[in-house]
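Residue strings, one per chain:
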2 protein chains.
Amino acid sequence: MAGAKEKKSEPIRLGIIGSGLAVKWLHWPALKRLTDKFRVVVCCDVDPKAAQEVARLAEQDLNSPNVRVATDYREVLASDDVEAVLLSLPIHLTAQIILDAARAGKHVISEKPLAGNLEHAQELVETLRNFKNVKVEIAENYHYRRDYAKAKEWIAAGRIGQPFLIQMVSRFWTDPTTGFAVTPWRQDNQYRGGIFADAGVHQAAALRELGGEIEQLQAFSKETHPVMGGIDTVVLNARFRNGILGNLVFSGAAKGPGEGLHIFDIIGTSGAIQISEGKAVLTEGAGKDAKVLEEFVDPEHDGGYFLEFENFYNAVRENAPVVSTVEQALKDWEIIMRALDSAEARNVVLL
Amino acid sequence: MAGAKEKKSEPIRLGIIGSGLAVKWLHWPALKRLTDKFRVVVCCDVDPKAAQEVARLAEQDLNSPNVRVATDYREVLASDDVEAVLLSLPIHLTAQIILDAARAGKHVISEKPLAGNLEHAQELVETLRNFKNVKVEIAENYHYRRDYAKAKEWIAAGRIGQPFLIQMVSRFWTDPTTGFAVTPWRQDNQYRGGIFADAGVHQAAALRELGGEIEQLQAFSKETHPVMGGIDTVVLNARFRNGILGNLVFSGAAKGPGEGLHIFDIIGTSGAIQISEGKAVLTEGAGKDAKVLEEFVDPEHDGGYFLEFENFYNAVRENAPVVSTVEQALKDWEIIMRALDSAEARNVVLL
């Protein structure tokens, strides 16, 4: 069992597989705050320059001396001094490499989503049941958002009465000339669902965080973006098991002012909660009698990345339960894939 | 043929059948601006006090001398001096009285929706084909909104590129202690669809105004309101014939600050239009490069009522085409009724 022989307080010796933008942009700020908990041993990428760059960054920022560089992930998995791997891979490669890592006895924290389609994701989750000594966490940061946690606390305390409607709007423009969208595998559509699968899986996680499990859903979809491959725009209706209605309007091809619109409303019989980027506002009543009961602003809103890595450390070192398990990630992914099924077959699907 | 013997310039001699809030609150401001075009002859209501009140108002505000009062609508239809009737009736009575009016040779302007269910609405439209000399207009004011007309003009001119998503949010709280919601027939649910049918039919009209005809739709629905009968909350996905995706979140049971949220976004490949209560804003581009191209504020936004009555006058006196025909209203109503079908059967329905 990897890590079993380590002292509890020692940093996890990390191999980074996939040294692209996710590591540098999303994970780095969290890792820089966790240098007592993670030490990078090796950085890997098919592009040696990318691996070299992240290796240098790790030496500089993460208190990690002499970071090795690799271009073949199997070399990382074969390294005895690597306890755990951080995977940030093209979606269609993720499932296989998670499995190879588990087989090599390495703990895994991997970027979402689990796989390039639902079948591969299901197979992965099934197979991982045989690797009980390996911790696998899917870096679905929305499962760690403090604004959602606060909203759930308010809902559980009955502050909006009985919730009956969750409305999510996520509309933004994917600029294909900059950032994540430049990555060839995102434009080439080598996984199912395009921008909707890649980015919308966060909204699926948010729907589950705020409303619980979905029982039935229906969607229509569209490919509109002139450059990005696959589905970019989806309208999705959901019925949660508890009877709440859900609605998601997602478009990664929507031009409009501002940096994009990401607003989640939870409506209850006596009030409502609105969540936007680290802020949650609880209101009671309607119209001119409505009043704000509480406002929560996450003072260190980072989308959940810090708590995500902290959870992984605690899982590996303290045997704490993983919050964003592969089972959770499978349920998130199922919403996306079944929405695509629904849009193709023009029917209502059961989950 | 009613009105045929009238001089072109003479006001239409109107009988008002149903002297409730719609007449006083919605129609009156428009009628007060059209005293040269309408003269009230008789006011009718099952409640003689209501009829008397509107009769007095007509004498006072509408240049209408000696307005008679009736409690039986058949008396109005039998009156030779009545050329046209304005119907504002409980939904489940509307279809029958429209038809009786047409049979009596009276032109009709009637509040929406057409009927208490789809079958009655279809029968009505079918039967009215035999009454070609009678003008029938359904007072669906959304078909006359200038903000929608402006948005349609922008779309037709390619100002947002190719439109691909229409998102409508209509969330408000129906206070059962005041206004329209107090009316017993609204609380008792004697027609199909509750608040969703009564108020949401406007959104159906808006969807058609802005997106064209709907080909497929799916909805989930809910009864949440503690007092109002029937469906009050619906999430609805649509595919228009032209491939545009549509989404409507409707709730007449949603508490929240402000007088209610009614926002319609039309997203195109190069820009977007947002419409809210008489205002339409056209933007181009995304993010920080986005810019407002044009803002339209209807200087006399009244929801379309003035143009609706003016159209009726012109139809009767000048043989102008009716804009909000029964055929149009049937299509609006079909969206609502088929959404309820979809929610009950848990399927996608074709229109």
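Here's a quick rundown of the structure. (Residues numbered from 1 in each chain as written. Chains lettered and ligands numbered in written order. Predicted model: local features only at pLDDT ≥ 70, side-chain atom pairs only at ≥ 80, totals over all residues. Heavy atoms only, no water.)

**Considerations on the overall build of chain A**
Convention followed: The numbering of helices and of strands both runs from the N terminus, where a helix is a DSSP run of H or I of at least 4 residues and a strand a run of E of at least 2. As defined in this context, the radius of gyration uses C-alpha atoms, and a globule is described by 2.2 Å times the residue total to the power 0.38. Any two residues having at least one pair of non-hydrogen atoms within 4.5 Å are treated as being in contact. Within this scheme the basic residues Lys and Arg register as positive and the acidic residues Asp and Glu register as negative, but His and the chain ends are omitted. Where a charge sits is defined by one atom per residue type, namely NZ (Lys), CZ (Arg), CG (Asp) or CD (Glu).
Across its full length, chain A holds ten helices and 15 strands. In terms of overall dimensions, chain A is globule-like: its C-alpha atoms have a radius of gyration of 20 Å, near the 20 Å expected for 351 residues. Dimensions of chain A, computed from C-alpha atoms along their principal axes, come out at roughly 60 × 40 × 40 Å. At a minimum sequence separation of 6, the contacts of chain A that also span at least 24 residues come to 74%. Taking the average location of the 39 positive side-chain charges in chain A and that of its 48 negative ones, the two points are 2 Å from each other.

**A word on helix α4 (residues 91–103) of chain B**
Put simply, the rule is: Residue exposure (1.4 Å probe, protein chains only): buried if accessible area is under 20% of the type maximum, exposed if over 50%, otherwise partly exposed.
What α4(B) keeps buried is the set B:Ile91, B:Thr94, B:Ala95, B:Ile97, B:Ile98, B:Leu99, B:Asp100, B:Ala101 and B:Ala102. B:Gly105 lies just past α4(B) and shows a positive phi near 80°.

**Here we look at the packing of helix α8 (residues 194–211) of chain B against helix α10 (residues 326–345) of chain B**
Residue and element names in this part refer to chain B. Quick note on the threshold: Axis lines are fitted through C-alpha atoms, for helices just across the contact stretch, and the angle between N-to-C directions can take any value from 0 to 180 degrees. In this scheme the handedness of a crossing depends on how the near helix is turned from the far one: anticlockwise by less than a right angle means left-handed, clockwise means right-handed. Residues were grouped as follows: Ala, Val, Leu, Ile, Met, Phe, Trp, Tyr, Cys and Pro as nonpolar; Asp, Glu, Lys and Arg as charged; and all remaining residues, including Gly, as polar.
Two elements in contact, α8 and α10, have axes separated by 8 Å at closest approach and are oriented at 120°. When the axes of α8 and α10 are compared, the crossing they make is right-handed. In this structure, α8 contributes Phe196, Ala197, Gly200, Val201, Ala204, Ala205 and Arg208 to the contact, and α10 contributes Gln328, Lys331, Asp332, Trp333, Ile335, Ile336, Met337, Ala339 and Leu340. Its residues placed into classes, the contact of α8 with α10 shows eleven nonpolar, two polar and three charged.

**A word on the pattern of salt bridges**
All names here are of chain A. Counted only if it meets this: A carboxyl oxygen of Asp or Glu within 4 Å of a side-chain nitrogen of Lys or Arg is what we treat as a salt bridge.
Across all of its chains, the model carries 52 salt bridges over all chains by this definition. Across the pair arginine 74 and aspartate 72 runs a salt bridge, and its minimum N-O distance is 3.0 Å. With a closest N to O distance of 3.3 Å, aspartate 298 and arginine 146 form a salt bridge. Placement of aspartate 298 in the loop between β14 (291–297) and α9 (305–318) and of arginine 146 in helix α6 (residues 146–156) is noted, with a sequence separation of 152 residues between them.

**Here's the deal with the packing of aromatic side chains**
This is how the line gets drawn: Any Phe, Tyr or Trp ring, taking Trp's six-membered ring, that has another such ring centre within 6.5 Å forms a pair; planes under 30 degrees apart are called stacked, those over 60 apart edge-to-face, and the others tilted. By definition here, charges over rings are those cases where NZ of Lys or CZ of Arg is within 6 Å of the ring centre and within 35 degrees of the ring normal.
Scanning all chains against the criterion turns up 18 aromatic pairs over all chains. Ring plane angle 65° and centroid distance 5.5 Å describe the contact between A:Phe196 and A:Phe250, whose orientation is recorded as edge-to-face. With A:Phe196 in helix α8 (residues 194–211) and A:Phe250 in strand β10 (residues 245–251), the pair connects residues that are 54 residues apart, well separated along the chain. Among the aromatic residues, those joined into a cluster by ring pairs are A:Phe38, A:Phe309, A:Phe312 and A:Tyr313. Positioned above the aromatic ring of A:Tyr313 is the side chain of A:Lys37, whose terminal nitrogen or guanidinium carbon lies 5.3 Å from the ring centre. It is B:Arg33 that lies over the ring of B:Phe306; its NZ or CZ is 3.9 Å from the centre.

**Concerning the side chain of A:Ser110**
Residue and element names in this part refer to chain A. Within the secondary structure, serine 110 sits in strand β5 (residues 107–111). Given the relative accessible area of 1%, serine 110 is considered buried. Setting aside anything within four residues of it in sequence, one finds serine 110 in contact with Leu87, Thr94, Ile98, Glu137, Ile138 and Ala139.

**Brief notes about the state of the cysteines**
Here is the rule: Two cysteine sulfurs form a disulfide in these notes if their separation is within 2.5 Å.
All told, the structure shown has zero disulfides over all chains when counted by the stated rule. Note on A:Cys43: no disulfide assigned, nearest cysteine sulfur contributed by A:Cys44 at a separation of 8.8 Å.

**Regarding the interface of chain B and chain A**
Put simply, the rule reads: Here the buried area means the combined drop in accessible surface, using a 1.4 Å probe, for two parts upon being joined, counting both sides. Polar contacts here mean pairs of N or O atoms no more than 3.5 Å apart (in protein, one a potential hydrogen donor and the other a potential acceptor; neighbouring residues in sequence count only if both atoms are side-chain atoms).
The partner chain A presents 48 residues to the 49 residues of chain B that form the contact. Summed over both sides, the interface of chain B with chain A buries roughly 3,900 Å², with 63% coming from carbon and sulfur. Ranking the residues of chain B by area buried against chain A places B:Phe164, B:Phe220 and B:Lys255 at the top, with a combined share of 16%. For the pair chain B and chain A, the number of links is 18 residue pairs in polar contact (both at pLDDT 80 or more). Of all elements in the fold, only β7 (163–171), β8 (214–222), β9 (233–240), β10 (245–251), β11 (261–268) and β12 (271–276) of chain B reach the threshold of two or more residues within the side of chain B that touches chain A. Tallied by class, residues from the side of chain B that touches chain A come to 21 nonpolar, 20 polar and eight charged.

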